Structures are given as C-alpha cells and as structure tokens.
Amino acid sequence: MSAISLLKELLKASEKAANIARACRQNQRLFSLLIQEKEKDESNSRFDHDFKTLADCLIQEMIKYDIGKQFPELRDNIRGEENAKFTNTAGDSVIVTVTDDPANTVAVLEKVIRILNGDKEAAAALVDEVYREVELDLEALEIPTDAIPLDNGWAELGIWIDPIDGTGEYIKGEEKLTKFPNIASAGLKCCTVLIGVYETCQGTPILGVINQPFADRVPEQDDRYEGKIYWGMSIGDLKFNNIAPHEPDARIAILSPSEQSKYVEFIRNQLKYDVIYSSGAGYKILKIATGEAELFLLSKGTTYKWDTCAPQAILRSMNGDLFNLQDTLISKSVKKISYQDRKVTRNMGGLIAYQNIDKLREFLKL
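Labelled according to an unreviewed UniProt entry, the protein appears under the name inositol-1,4-bisphosphate 1-phosphatase, originating from Anopheles stephensi. On record in UniProt, under Cofactor (unreviewed entry), the comment for the protein is "Mg(2+)". Per UniProt, the protein has the following entry under Sequence similarities (unreviewed entry): "Belongs to the inositol monophosphatase superfamily."

Student: What am I meant to see in the sheet that holds strand S14 (residues 274–277) here?
Tutor: Hydrogen bonds between backbone groups are what pair the strands of a sheet, and the pairing can be parallel or antiparallel. With mixed pairing, five strands are arranged side by side in an open sheet as S14-S13-S15-S17-S16. The sheet is open, and its two borders are formed by S14 and strand S16 (321–324), each paired with just one other strand. Adjacent strand axes in the sheet meet at a mean angle of 20 degrees, parallel and antiparallel pairs treated alike. For strand S13 (residues 252–255) and strand S15 (residues 295–298), the ladder comprises three bridges, and the chain directions are parallel. Bridge pairing in S15 places Leu 255 opposite Leu 297.

Student: When you look at helix H9 (residues 305–316) in this model, what are you seeing that I'm missing?
Tutor: Owing to its 3.6 residues per turn, the α-helix aligns residues three or four sequence positions apart on the same side. Compared with an ideal rise of 1.5 Å per residue, which puts twelve residues at 16 Å, H9 spans 16 Å between its outermost C-alpha atoms and is within 8% of the ideal. Within H9, twelve of the twelve residues are buried, which leaves it mostly tucked inside the rest of the structure. Those residues of H9 that sit buried are Lys 305, Trp 306, Asp 307, Thr 308, Cys 309, Ala 310, Pro 311, Gln 312, Ala 313, Ile 314, Leu 315 and Arg 316.

Student: Is there a simple way to think about the packing of aromatic side chains in this case?
Tutor: Here the distance between the centres and the angle between the planes together describe a pair of aromatic rings. All told, the structure shown has eight aromatic pairs when counted by the stated rule. Considering the side-chain rings of Tyr 65 and Tyr 131, the 6.3 Å spacing of their centres and the 70 degrees angle between planes classify their relative orientation as edge-to-face. You can see Tyr 65 sitting in helix H3 (residues 54–70) and its partner Tyr 131 sitting in helix H5 (residues 123–131), a full 66 residues away along the chain. Ring geometry for Phe 266 versus Phe 363: centroids 5.9 Å apart, planes at 85 degrees, classification edge-to-face. Here Phe 266, found in helix H7 (residues 261–270), pairs with Phe 363, found in helix H11 (residues 357–365); they are 97 residues apart in sequence, far enough to count as distant. The exposure class of Phe 266 is partly exposed, given its relative accessible area of 22%. Site record: aromatic cluster; members linked through ring pairs are Trp 160, Tyr 304 and Trp 306. Of note, Arg 25 hangs over the ring of Tyr 170, and the distance from its end group to the ring centre comes to 6.0 Å. Its end group placed over the ring of Tyr 339, Lys 305 keeps NZ or CZ at 5.3 Å from the ring centre.

Cut-offs applied
- Residues numbered from 1 in each chain as written.
- Predicted model: local features only at pLDDT ≥ 70, side-chain atom pairs only at ≥ 80, totals over all residues.
- Heavy atoms only, no water.
- UniProt positions renumbered as here; feature names shortened; annotations may be inferred.
- Pairing = 2+ DSSP bridges.
- Helix = DSSP H or I, 4+ residues; strand = E, 2+ residues; numbered from the N terminus.
- Axes fitted to C-alpha atoms, helices over the stretch in contact; angles between N-to-C directions.
- Expected span 1.5 Å × (residues − 1).
- Buried < 20%, exposed > 50% of the residue type's maximum accessible area, 1.4 Å probe, protein only.
- Phe/Tyr/Trp six-rings, centres within 6.5 Å; stacked < 30°, edge-to-face > 60°.
- Lys NZ or Arg CZ within 6 Å of the ring centre and 35° of its normal.

See the structure below:
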C-alpha cells in the first residue's frame with residue numbers, strides 16, 4: 001500500500017475535474033442553463049443565495065467513481081459537498097451519477113439538461129471529459145519516487161471533496177485583483193478543486209490536492225485558462241509537497257469580506273498587518289501555504305470539512321496547520337481542526353491558519 005499511488009490518482013482526478021469546470025464555463029449557453037439554487041438545508045448561511053451547478057455535481061461524482069474504482073476499499077469513505085439531485089419547477093428530478101458505462105452517464109446528463117429546460121447537445125462532450133485519460137507531468141509535479149507506506153490500510157482513510165470551492169465566483173466569473181498582484185479578491189482565480197485525505201482514527205489530514213483551474217489566462221485566448229496544481233503529504237515524520245521553499249510575505253492577512261470589524265481592527269491596528277479581502281476558503285488557505293500571505297482568520301462557523309481538509313493537509317506538510325479559532329482563543333493553546341467525528345461537518349468555531357506555528361503563539365500572546 002503506497003501513498004504515492006493514491007496521490008497520483010488524486011492528481012489525475014483533480015485535473016479531470018478542472019477540465020470539466022473549464023468546459024462548462026467556456027460554453028456560456030450551456031452554463032447559463034445548468035445553475036440551480038440549493039435547497040435551504042444545503043445552503044451556506046453566509047450567502048443570500050447559494051448555488052450548485054452541474055459542474056459541481058458531475059465533478060464530485062466523477063472523483064468518487066475514479067478513486068473508488070482504483071481503491072474499492074475507500075469507496076464508502078469518499079464524501080463531498082454536493083447533493084447531486086437536480087429538480088425543475090414541475091417537480092421532475094434526477095440524480096447525477098457516473099458509472100462504468102458512458103452511455104448511462106450521457107443519458108443522465110441529457111435528462112438533467114432536459115428537466116432544466118435546456119438542450120442536450122453538450123452532454124456527450126461533458127461525458128468525454130469524465131472518461132478521458134489524463135496525462136500529467138509527474139516530474140514537473142515533483143512526485144516522490146520512493147514508496148511511502150500507509151501503515152493503517154485503506155479502510156482507515158477518509159476523503160473529503162469540494163468539487164468547486166467558490167461556486168459563487170465560478171458563476172459570476174468577474175475578475176478582481178488586490179493591490180498584491182498574486183492575490184485575487186474575487187473571480188475565477190479564487191475557484192479551486194479540493195481533495196483531502198485524512199486518517200479516520202485520529203482525524204488528521206495526511207494528503208491534500210488543490211487544483212486551481214483558472215489560475216492564468218491562455219496567452220492570446222482571453223476566454224481560455226490554464227490551471228495549477230498544488231499538493232502536500234504529511235505521514236508520520238515524512239513531509240513532501242511541490243511548493244518551493246520560501247519565507248511568507250511579511251504582515252499580510254487574508255480575510256473574508258464579511259469578517260467582523262473587531263477582528264479586522266485588531267489585526268490591522270494591534271498586529272500591524274495589511275488586510276486583504278478575498279473569496280473562497282480553499283483559495284485563502286492556499287495563499288498561506290504558498291507564502292503570499294502570513295495569516296488567515298475566519299471568526300464565523302461558515303466553512304465545512306470539505307473546504308478545509310485538502311488545504312490543511314498541505315499546510316501540515318510545511319509544518320503549519322489549521323486551527324479552531326474560538327477553541328484556541330478560549331484555551332490559549334492550539335486546537336487543530338479534526339475530521340474524526342463523521343457527524344460533524346461544519347467548522348463551528350471559525351478558523352485560523354499560519355504556516356509558522358510560532359507566529360500563532362505570538363498572536364495568542366496578544
């Protein structure tokens with residue numbers, strides 16, 4: 001049992017997911033048909049409207065199918081954000097599924113598009129992406145060549161998927177940058193595919209993949225994008241990732257635009273940080289891992305395990321981590337986000353992330 005074989009499959013699944021996200025986004029007519037507002041019990045309370053798209057559901061089910069096919073022991077432990085059911089105003093509904101037979105998947109997608117009052121011409125093209133073999137440059141992704149064993153077995157692992165973190169930005173598609181050119185405040189750059197693996201017994205994230213499908217525009221093709229893939233692994237004392245060693249940019253804090261003013265004022269006036277507002281929990285935590293910001297803080301319980309598992313695993317591979325903000329403030333000692341309790345999906349106490357744990361201890365002293 002090798003963690004490297006699992007990593008390779010997660011990377012391939014993430015790139016296939018990015019291809020689907022780009023394919024849906026580039027066909028504007030199709031895209032406009034395939035947005036449906038989530039049911040009340042599915043939505044994020046932080047947003048007036050929370051949407052799911054066919055891209056979200058198809059990506060999630062594709063990842064479950066691909067990983068489950070390669071690692072059957074993991075199949076029942078793969079979980080995601082989306083309810084894959086679409087319903088039209090007449091009450092007709094269909095659940096998005098991916099199976100061994102592409103024809104069945106085509107039929108499902110055609111039905112989804114039909115009940116949403118669209119047409120079916122793009123269904124086959126989407127299915128082509130679902131079953132396409134993805135070739136990745138593993139050398140460029142800096143995959144370790146040595147086998148890394150998973151001592152506890154596949155059955156002791158769980159996977160959290162966020163098929164498109166930042167769905168609102170995916171739908172709007174507006175690009176907004178901050179005064180720091182490598183940090184976007186909104187738009188497609190903030191969208192990420194998140195796949196995180198954790199140990200079920202301890203609740204510890206050990207492997208994370210973040211794919212940024214819309215990282216850069218293709219030169220001379222403004223409507224097309226190229227992606228970037230980041231990964232990290234932390235198993236026992238072994239730590240690997242594909243992020244170049246760096247010192248975090250000094251005194252930049254990345255926050256949600258809805259952050260409470262008392263925290264913003266403290267970070268700005270007491271800690272002397274430049275405060276940058278940005279969208280997408282996965283994107284903001286990624287900026288801590290890449291060193292483009294030093295502190296991420298979210299005081300409200302508006303994120304979920306699928307938002308945090310992958311980026312936390314990457315942070316752990318860099319000796320950083322993600323913590324429960326309120327529990328940490330109350331106890332004055334670090335309380336890491338855990339995935340041990342399968343019934344708890346929301347990070348109720350808010351979040352705080354540092355790549356340098358000593359910086360967190362300085363924060364707590366203040």
